[in-house]
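The lines below spell out each chain.
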Amino acid sequence: YMFQKIRFYINFWLNGISKYNIHSPMVHEFIENVLDNNIKYYAFLGIEHYRQILLKDSTVLNLKDLGQGSKAIKSKVITLKSLTKNVQSTPKKAQVLFKLVNYFQCKNILELGTSLGITTAYLSSANKKASITTIEGESTIFNMAKSNFKKLGLKNVNIINSSFDKILPNILKNKFDLIFFDGNHSKKATLKYFNWALENLNDEIIFVFDDIYWSKGMKSAWN
């Protein structure tokens, strides 16, 4: 698994292009204002402080449903600090999402896969006027995330405990301007949810896919 990711990574760098080779003004501005934006916002401090608290918490959790495509979690019995370390987006990745929402002023956001809610907190804090809908299928993690949102004082997050297959056909009838796909790392599910989203496409919408190098299946879905 690790060698596969390294191979994907090396291949990306050998074949990728830089912002200086981009001809689209919109994409160039996106790189300049989001990907290359080095500003550290005040919201980062509070969220990362809370992440550090979770990383020291030895509370044992009993998970009922690990979901499909999970390689980071090997057991249904896991400590909170281990869960935080293995399934949360890195600070760098979450902060890019914050800058993305902040730059485009996304107002109606859908996140597939809440986990403990650290990434959700970044999405929420990037635009306090935005409405964040986030879906988590595992009930224990759902309750932890709900508690975390209260402790972080997030007022614009609606968290739903449901499987994606059950809830998405109805949820996607809403007009979202950003959808973050981060909940099922299988080719079949990723393509299915993407196609469902296309059926209710907003005129201007951003799709963000996480873990495209997770597996051969995910890489194939991305291609």
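Details of the structure are given in the entry above.
Here goes a summary of the coordinates provided.

Procedures and definitions
Residues numbered from 1 in each chain as written. Predicted model: local features only at pLDDT ≥ 70, side-chain atom pairs only at ≥ 80, totals over all residues. Heavy atoms only, no water. Helix = DSSP H or I, 4+ residues; strand = E, 2+ residues; numbered from the N terminus. Buried < 20%, exposed > 50% of the residue type's maximum accessible area, 1.4 Å probe, protein only. Contact = heavy atoms within 4.5 Å. Pairing = 2+ DSSP bridges. Right-handed = clockwise from strand over helix to strand, strands pointing away. Phe/Tyr/Trp six-rings, centres within 6.5 Å; stacked < 30°, edge-to-face > 60°. Polar contact = N/O pair within 3.5 Å; in protein donor to acceptor, adjacent residues only side chain to side chain. 1 Å grid on protein atoms, 1.4 Å probe; cavity = no way out; pocket = protein on both sides within 12 Å on 5 of 7 lines; lining within 4 Å. Points joined across faces, edges and corners; volume = space filled by probe spheres on them. Axes fitted to C-alpha atoms, helices over the stretch in contact; angles between N-to-C directions.

## Re the overall build of the protein
Move 1: Per the secondary structure count, the protein includes 10 helices and seven strands.
Move 2: A burial count over the protein gives 42% of its 223 residues as buried.
Move 3: Taking as baseline every contact in the protein between residues at least 6 positions apart, the subset at least 24 positions apart corresponds to 70%.

## Quick look at the pairing of strand β3 (residues 108-112)
Move 1: In terms of burial, β3 is a largely internal element, four of the five residues being buried.
Move 2: Two elements, β3 and strand β4 (residues 131-136), share five bridges in a ladder whose sense is parallel. Following the sheet pairing, Asn108 is matched in β4 by Ser131.
Move 3: The parallel pair β3 and β4, bridged by helix α6 (residues 118-126), forms a crossover whose chirality is right-handed.
Move 4: Alignment of β3 against strand β6 (residues 178-181), held across four bridges, turns out to be parallel. Paired with Leu110 across the two strands is Ile179, which belongs to β6.

## Re the pairing of β4
Move 1: By the criterion of burial, β4 is predominantly enclosed, with five of the six residues buried.
Move 2: In this sheet, strand β5 (residues 157-161) lies alongside β4 in parallel orientation, the contact comprising five bridges. Looking at the pairing, Ile135 lines up with Ile160 of β5.
Move 3: Note that the unit made of β4, helix α7 (residues 139-152) and β5 has a crossover that is right-handed.

## Observations concerning the packing of aromatic side chains
Move 1: Following the criterion strictly, the structure yields 15 aromatic pairs and no others.
Move 2: Between Tyr41 and Phe98 the ring centres are 4.9 Å apart and the planes differ by 50°, which places this aromatic pair in the tilted class. On the criterion of sequence distance, the pair formed by Tyr41 in the loop between α2 (25-35) and α3 (42-54) and Phe98 in helix α5 (residues 91-104) is long-range, its members being 57 residues apart.
Move 3: Connected via pairs of aromatic rings, a cluster forms that spans Phe181, Phe194, Phe207, Phe209 and Trp222.

## Thoughts on the side chain of Gln95
Move 1: Its location among the elements puts Gln95 in helix α5.
Move 2: Side-chain polar atoms of Gln95 contact the side chain of Tyr122, separated by 3.1 Å.
Move 3: Discounting chain neighbours no more than four positions away, the residues touching Gln95 are Lys40, Phe44, Glu48 and Tyr122.

## Looking at empty space enclosed by the protein
Move 1: One pass over the structure, following the stated rule, counts three cavities of 30 Å³ or more.
Move 2: In this structure, the largest cavity spans a volume of roughly 80 Å³.
Move 3: Lining the largest cavity are Leu112, Phe164, Phe181, Asp182, Gly183, Asn184, His185, Thr190, Tyr193, Phe209, Asp210 and Met218.

## Section: the sheet that holds β3
Move 1: With parallel pairing, the five strands of this open sheet are ordered in space as β5-β4-β3-β6-β7. What marks the edges here is a single partner per strand, and that holds for β5 and β7 (206-209). Between one strand axis and the next, the sheet turns by 15° as a mean value, whatever way the strands run.

Interpretation note: all reported values are geometric properties and have no functional meaning in isolation.
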